[in-house]
Amino acid sequence: MAPSHVLKCCQKVLAWVPVAFIALVVAWSYYAYVVELCVFTISSTAEKGEHDVENQTSQLTERYKAVVYLVVFHLSFVMFVWSYWKTIFTSPASPSNEFCLSKADKEQYEKEERPECQQEILRRAAKDLPIYTTTASRAIRYCDRCQLIKPDRCHHCSACDICVLKMDHHCPWVNNCVGFSNYKFFLLFLMYSLLYCLFVAATVLQYFIKFWTLCHRKAAENCPKNELPNTHAKFHVLFLFFVAAMFFISILSLFSYHCWLVGKNRSTIETFRAPTFRNGPDKNGFSLGCSKNLREVFGDEKKYWLLPIFTSLGDGCNFPTRLVVTDPEQLTVSSQNEPAKSSGASQSFPPRPLSESQNRLLANDSQGVESGPEEENLKSGSLNRSTCDDSVVLFVVGLSFFFFFFSFNRPKKSLGIGWSQVEENLFHRIKSAYL
């Protein structure tokens, strides 16, 4: 017992090593930029020839430039650290108590040895729950370790040992699960770290070039005005540019990928394993269009989008899906207010009243469902005009974001997407919507 406890403690300590590494790199970058670059390097450049009247303008320009650099740097630094802090220390959201089995059902479930009987117990317990997805074998998604029925898009994290709502992945660089509670913070962390690295690399570049053509004379006043003296700031400036450029390239691909996921309303897990609905697996089952997908993650008020404040819509347990809302059978059952029947592979799930956020997201879709011809088109799998427009906009934005990523990394089969597949899906959607 004791060795296992010690092992778990060691694992918890080692899990903070990547976070500590990032913290040290960020702290060093702050010192290198503020002290070594702005204070020592730029100031020494401005002080050269300070008694020369002709250089007064250039001196003031260098000093004003240092002030502007410091202001913009600290703004990006604060937003970067703030979003990183929120991503790390925001606890992953877990399912509410309504998804836990009652004491009687739990005892009966544990006593049963036949899987079909266990599934019948789970179906009875899940008849009033907002669940519309199943396993690949059309069984109720149940976590034996947490002993609860999994909500849609919920998965068990082996590292955190809990079920996480809308789990995307477990990130070792934040030592936390990225899910419903902190997915917005994770996106902002990637965005602000990208801007932080870009700003540092762009402003350091000119001094990086000057240090490559460094004057090796001992006295700083004997150096030409376009060159810098050989000081201890040389190493910090050179290394700062390489680190910023390296992190910028690596983060750009990850941020572009998650922007594509947000536009499609998918998680990383759902990209590799599509959720299974009544009509089978569908990776786009939760997609409501680009604009609505963004609102689901960032909220309705755009003034809070760039702030690491929780504004995501919904409760993490129930998500609007066009497949359920536009299902004629589901609409009939909902209007009659009858419990759904469950029978093996053709089981259906009971409708639940939509939350306020879901009503806002599905307002336009509900109007399209009520009309007869459009209902038949949706049933056959085609998209309406607004959804197609969102898909076209998303494709153009995703193409610009992913151009850099795919130029260095060819799409792999494990990602489940390639250029031919994207073009084919876009062609069929435009054809079904406009022709």
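As a reminder, the structure under discussion sits directly above these lines.
Residues numbered from 1 in each chain as written. Predicted model: local features only at pLDDT ≥ 70, side-chain atom pairs only at ≥ 80, totals over all residues. Heavy atoms only, no water.

> Would you mind showing me how to read the packing of aromatic side chains here?
Under the defined criterion, the tally for this structure stands at 27 aromatic pairs. Ring plane angle 25 degrees and centroid distance 6.1 Å describe the contact between Trp-16 and Phe-89, whose orientation is recorded as stacked. One end of the pair, Trp-16, is in the loop between helix 1 (2-15) and helix 2 (17-47); the other, Phe-89, is in helix 3 (residues 56-89), and 73 residues separate them in sequence. Residue classification places Trp-16 among the partly exposed residues on the basis of a relative accessible area of 38%. Of the residues examined, Phe-89 reaches a relative accessible area of 46% and is grouped as partly exposed. An aromatic cluster is built from Tyr-30, Tyr-33, Tyr-69, Phe-73, Phe-77, Phe-80, Tyr-84, Phe-186, Phe-189, Tyr-196 and Phe-199, whose rings are joined through pairwise contacts. Against the face of Phe-319 rests Arg-153, its NZ or CZ located 5.0 Å from the ring centre. (Phe/Tyr/Trp six-rings, centres within 6.5 Å; stacked < 30°, edge-to-face > 60°. Helix = DSSP H or I, 4+ residues; strand = E, 2+ residues; numbered from the N terminus. Buried < 20%, exposed > 50% of the residue type's maximum accessible area, 1.4 Å probe, protein only. Lys NZ or Arg CZ within 6 Å of the ring centre and 35° of its normal.)

> Help me understand the nonpolar core in this model?
Most often, soluble globular proteins keep nonpolar side chains buried together rather than apart. If you look at the biggest cluster of nonpolar residues, it comprises 52 residues, and the most contacted ones within it are Tyr-33, Phe-73, Val-200 and Val-204. Looking at which element gives the most residues to this core, the answer is helix 6 (residues 183-212), with 17 residues. If sequence neighbours within four positions are ignored, Tyr-33 has contacts with Cys-38, Tyr-69, Phe-73, Phe-199, Val-200, Thr-203, Val-204 and Leu-240. In terms of nonpolar packing, the next biggest core, distinct from the first, is built from 22 residues, Ile-121, Tyr-142, Cys-317 and Phe-319 among them. (Core = buried A, V, L, I, M, F, W, Y, C linked by side-chain atoms within 4.5 Å. Contact = heavy atoms within 4.5 Å.)

> Explain a nonpolar patch on the surface to me, please; I cannot follow it from the model alone.
A surface patch of nonpolar side chains, about 430 Å² in accessible area, is lined by Val-67, Val-68, Val-71, Val-72 and Leu-75. Mapped onto the elements, Val-67 comes out in helix 3. (Patch = residues over 30% accessible without salt bridge, like charges linked within 9 Å, V, L, I, M, F, W, Y side chains within 5 Å. Areas by Shrake-Rupley, 256 points an atom, 1.4 Å probe, with all protein chains shown as cover. Salt bridge = Lys/Arg side-chain N within 4 Å of Asp/Glu carboxyl O.)

> What exactly am I supposed to notice about the pattern of salt bridges here?
Oppositely charged side chains may form a pair once their charged atoms are brought near each other. Taken as a whole and judged by the stated rule, the model has 6 salt bridges. Its salt-bridge partner being Glu-120, residue Arg-123 comes within 3.8 Å of it at the nearest N-O pair. One end of the pair is Arg-123 and the other is Glu-120, both in helix 5 (residues 115-125) and 3 residues apart, which spans about a single turn. A salt bridge links Arg-153 to Glu-296, with the shortest nitrogen-to-oxygen separation between them at 3.8 Å. Linking Arg-153 in the loop between strand 2 (148-149) and strand 3 (155-157) with Glu-296 in helix 9 (residues 290-298), this pair joins segments that are 143 residues apart in sequence. Considered together, Arg-153 and Glu-296 belong to a single accessibility category, that of buried residues. Shared partners join several salt bridges into a network, and the residues in it are Arg-153, Glu-270 and Glu-296.

> Explanation requested: the packing of helix 4 (residues 103-111) against helix 5 in the structure shown.
To describe two helices that pack against each other, one gives the angle between their axes and the distance between the axes. Two numbers describe how helix 4 lies on helix 5: the axes approach to 9 Å, and their chain directions differ by 165 degrees. By the angle between their axes, helix 4 is roughly antiparallel relative to helix 5. Viewed along their axes, helix 4 and helix 5 form a crossing whose handedness is left-handed. Facing Asp-105, Gln-108 and Tyr-109 of helix 4, the residues of helix 5 in contact are Gln-118, Ile-121, Leu-122, Arg-124 and Ala-125. A breakdown of the residues in the contact of helix 4 with helix 5 according to their chemical character gives 4 nonpolar, 2 polar and 2 charged. (Axes fitted to C-alpha atoms, helices over the stretch in contact; angles between N-to-C directions. Parallel < 35°, antiparallel > 145°, perpendicular 65-115°, else oblique. Left-handed = near helix turned anticlockwise from the far one by under 90°. Nonpolar A, V, L, I, M, F, W, Y, C, P; charged D, E, K, R; others polar.)

> Help me understand the environment of Ala-20 in this model?
Among the secondary structure elements, Ala-20 is positioned in helix 2. A relative accessible area of 39% means that Ala-20 is categorised as partly exposed.

> Teacher, can you tell me more about helix 9 here?
Structurally, the α-helix is built with 3.6 residues per turn, so residues lying three or four positions apart point the same way. For helix 9, every residue scored as buried is listed here: Cys-290, Lys-292, Asn-293, Glu-296, Val-297 and Phe-298. Two residues or fewer past helix 9, Gly-299 is found with a positive phi of approximately 95 degrees.

> Can you help me understand unusual backbone geometry in this one?
Negative phi values dominate among residues other than glycine, just as trans dominates among peptide bonds. The backbone of Arg-153 shows a phi angle near 70 degrees, a positive value even though the residue is not glycine. Owing to a relative accessible area of 4%, Arg-153 belongs among the buried residues under this scheme. With a phi angle near 50 degrees, Asn-175 is a residue other than glycine that sits in the positive phi range. Its location among the elements puts Asn-175 in the loop between strand 5 (169-171) and strand 6 (176-178). Assessed through its relative accessible area of 17%, Asn-175 is described here as buried.

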